[in-house]
Each structure stands twice: as C-alpha cells, then as structure tokens.
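Observations on the three-dimensional arrangement
Each chain, written out:
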Amino acid sequence: MYQDKEVINQLMRLPDIGGRMPVLFIGHGSPMNAIEENEFSVTWKQLSSKLPIPRAILVISAHWLTKGTYVTASQKLQTIHDFGGFPQALFDIEYPTDGSPLLAEEVQHIVRSTTVQEDMDWGLDHGSWSVLRRMYPLANIPVVQLSIDYYQGGEFHYKLGSELSDLRNKGVLIIGSGNIVHNLRMIDWKNMDTDNYAFDWSIESNELIKKSILDRNFKVLVDHQGLGHATKLAIPTPDHYYPLLYTLGLVDQKDEIEIFNDKYVGGSLSMTSYLFGRYL
C-alpha cells in the first residue's frame, strides 16, 4: 500500500479522460495466434483502431496464477514464452513494452478486498503479449499484469474486478485474457482446421454464458460449477474463466455489449470475446 503521500497526490491528479475506457474480455486461444494471420488475429489488429488510445493497459491473464494477488511493478517487463512444442519463430517474439510502476501502485491503492503485492520478476506471458502485439504492435503503451489468486473462488475475482473500476476513468484499458470454453484434454485434433467446429456441450455452455452476459445476469456466472454439466465440461479448471469475471465486475449499466470472434476451435475451445463500453 502507499506510504508516500506525494505519490498518492500524483495519482489523484491524473485527469479523467472525460469518459470511460471500454473493457475487453479476449479469448486468446493458441499462442500461434501471435504470429499467424487468421480471422482472430486480424480482428485484434482492427480492434485497436476503434478504441480510444489508452494511457496504460492492465491485463488479467489466465497464465499468471498465484497464491495471493500480485501486480507487476517493474519498469521493464520480460516477454515470457510460457509454452512448449511450438515453432522457433514463436519463441523469437519479443514484446518490448514498458511496465508502469505508477499504475501498479494505483492498483495496490484502490483494491480494498485483499492486499495486492508488487512483483518485480514476472513479465508478460502469452495471454498478454500474443494479443497486445497484434493490437499495439509498436509496444509503446505501458502494460501492467495483475495475477489471479488461484486459491480464491469466483466471488473474490468478480469483486476485485469491480474495485478496479475507477481506472476506466483514467484512460486505462483493462483486458481479461482467457477462454470461456477451454478443455484442452478433449480437443479434436483431427478437426483443428475445420471452421467453427464444436461439440454440443461446447455450444450449450458458451450460449448459456453468452445469454447471461447479454441479459446482464452476471451474478449467476460467478459460480461456474452451478451452471450445469455442459459447463463443467467447458470449464474443467477455472484458470481461463476467471479473467471473464474480472471484466464483468467492471461493467456498469451504461456499457454497451458487443461480441466478437464468436467461433469455436477443435471442438472444445471457444474464442468468443466481448467488448463492454463503446467504440470511438
């Protein structure tokens, strides 16, 4: 938490942007989307031109799971290649953006439901940089990552997300990066290249969650275990689902809801993504 009153005053003087930044949940899928030209990566490219230019970006990625909640607080962030078995071209990718210690401190200040600890070692995992290098290829916008406390349940993450709401007024683009349907053990590898191929339970669970979001019935989504058998197959572990709860916690009644990249891959993975707020 803050010890320096001058730092607090600097943050409080950050002017509002005269509106609220949108919030994104992005289904990031395979790390190969970082280097392949496909409909998902092309949409990410186009997305940034439709959004206000952020002062900074805060990402909650499915690939930083911790005990306790942490925020990256270093000025320079390493590009983490947290995967195996992919082409060397993917490992060669660097996303050399700066971090933002000031934003990290603000996150520590505004979150009240838990203690957010600073982390000087983590960088950007592929849940962040695979999307950001498409949206902001110049890597000229500071980025901070917030970890997911994997020992906490859905209500914890939903509430923590809501506590970040004021950052939207200060030009911070908040992105939850995961996948709503994410069962890698049940992927049909023979149909990986079949367009929009999905198992019945993938479609059932994705459509149930989609309807709840469009109806703004977010509370029912906090406990994914209570959503039925299909959703238990779609979300065998909550790591890729929790980033959605952070974004839903940030949504207010005035926010428009837009769905994009609403397709399936390999039967058991959905790329369904959401924009909450407005385009330019």
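Everything in this summary refers to the structure shown in the same document. (Residues numbered from 1 in each chain as written. Predicted model: local features only at pLDDT ≥ 70, side-chain atom pairs only at ≥ 80, totals over all residues. Heavy atoms only, no water.)

Now for the packing of aromatic side chains. In this description, a pair of aromatic rings is defined by centroid distance and the angle of the planes. Within the structure shown, the criterion is met by 7 aromatic pairs. When the ring of Phe199 is compared with that of Trp201, the centres are 5.6 Å apart and the planes differ by 25°; the resulting orientation is stacked. On the accessibility criterion, Phe199 (22% relative accessible area) is partly exposed. One aromatic cluster is present, built from ring pairs that chain together Phe83, Phe86, Phe91 and Trp129. (Phe/Tyr/Trp six-rings, centres within 6.5 Å; stacked < 30°, edge-to-face > 60°. Buried < 20%, exposed > 50% of the residue type's maximum accessible area, 1.4 Å probe, protein only.)

Moving on: the nonpolar core. With 45 residues, the main nonpolar core has Val107, Leu146 and Leu164 as its most contacted residues. Here the element with the most residues in this core is helix 10 (residues 242–249); it accounts for 5 residues. Those residues in contact with Leu164, other than ones at most four positions away along the chain, are Leu58, Val107, Ile110, Val111, Leu146, Ile174 and Leu250. Counting residues in each nonpolar core, the second largest holds 32 residues, with Met21, Trp44, Leu77 and Ile175 among its members. (Core = buried A, V, L, I, M, F, W, Y, C linked by side-chain atoms within 4.5 Å. Helix = DSSP H or I, 4+ residues; strand = E, 2+ residues; numbered from the N terminus. Contact = heavy atoms within 4.5 Å.)

This next bit is on the side chain of Thr66. Take Thr66: it is sitting in strand 2 (residues 56–66). Using a relative accessible area of 14% as the deciding quantity, one classes Thr66 as buried. With residues near it in sequence (within four places) discarded, Thr66 still touches Ser147, Ile148, Asp149, Tyr150 and Tyr151.

Moving on, we come to the pairing of strand 10 (residues 273–276). The alternating pattern of strand 10 places Ser273 and Leu275 and Tyr274 and Phe276 on opposite faces, both of which are buried. Here 3 bridges tie strand 1 (residues 23–27) to strand 10, and the two strands are oriented antiparallel to one another. Looking across to strand 10, one finds that Val23 is bridged to Phe276. Bridge analysis of strand 7 (residues 257–260) against strand 10 gives 4 bridges, and the strand direction is antiparallel. For Ile259, the partnering residue across the bridge sits in strand 10 and is Tyr274. (Pairing = 2+ DSSP bridges.)

So, on to the pattern of salt bridges. This model, assessed by the stated rule, comprises 13 salt bridges. Between Asp255 and Arg168 there is a salt bridge, and its shortest N-O distance comes to 2.8 Å. With a gap of 87 residues between them, Asp255 in the loop between helix 10 and strand 7 and Arg168 in the loop between helix 6 (154–163) and strand 6 (172–178) connect regions that are remote in the sequence. The same class applies to Asp255 as to Arg168, namely buried. Two residues, Asp262 and Lys210, come together in a salt bridge whose shortest N-O distance is 2.5 Å. With Asp262 in the loop between strand 7 and strand 8 (264–265) and Lys210 in helix 7 (residues 200–214), this residue pair connects regions lying 52 residues apart in the sequence. With relative accessibility at 9%, the residue Lys210 sits in the buried group. In this structure, a network of salt bridges that share partners links the residues Glu37, Lys45 and Arg134. (Salt bridge = Lys/Arg side-chain N within 4 Å of Asp/Glu carboxyl O.)

A word on the environment of Gly267. Inspection of the secondary structure puts Gly267 in the loop between strand 8 and strand 9 (269–270). For Gly267, a relative accessible area of 0% puts it in the buried group. C-alpha of Gly267 to C-alpha of Leu250: the two residues are 17 residues apart in sequence and 30 Å apart in space. Not counting residues within four places of it along the chain, the set of residues in contact with Gly267 comprises Tyr197, Ala198, Phe199 and Ser202.

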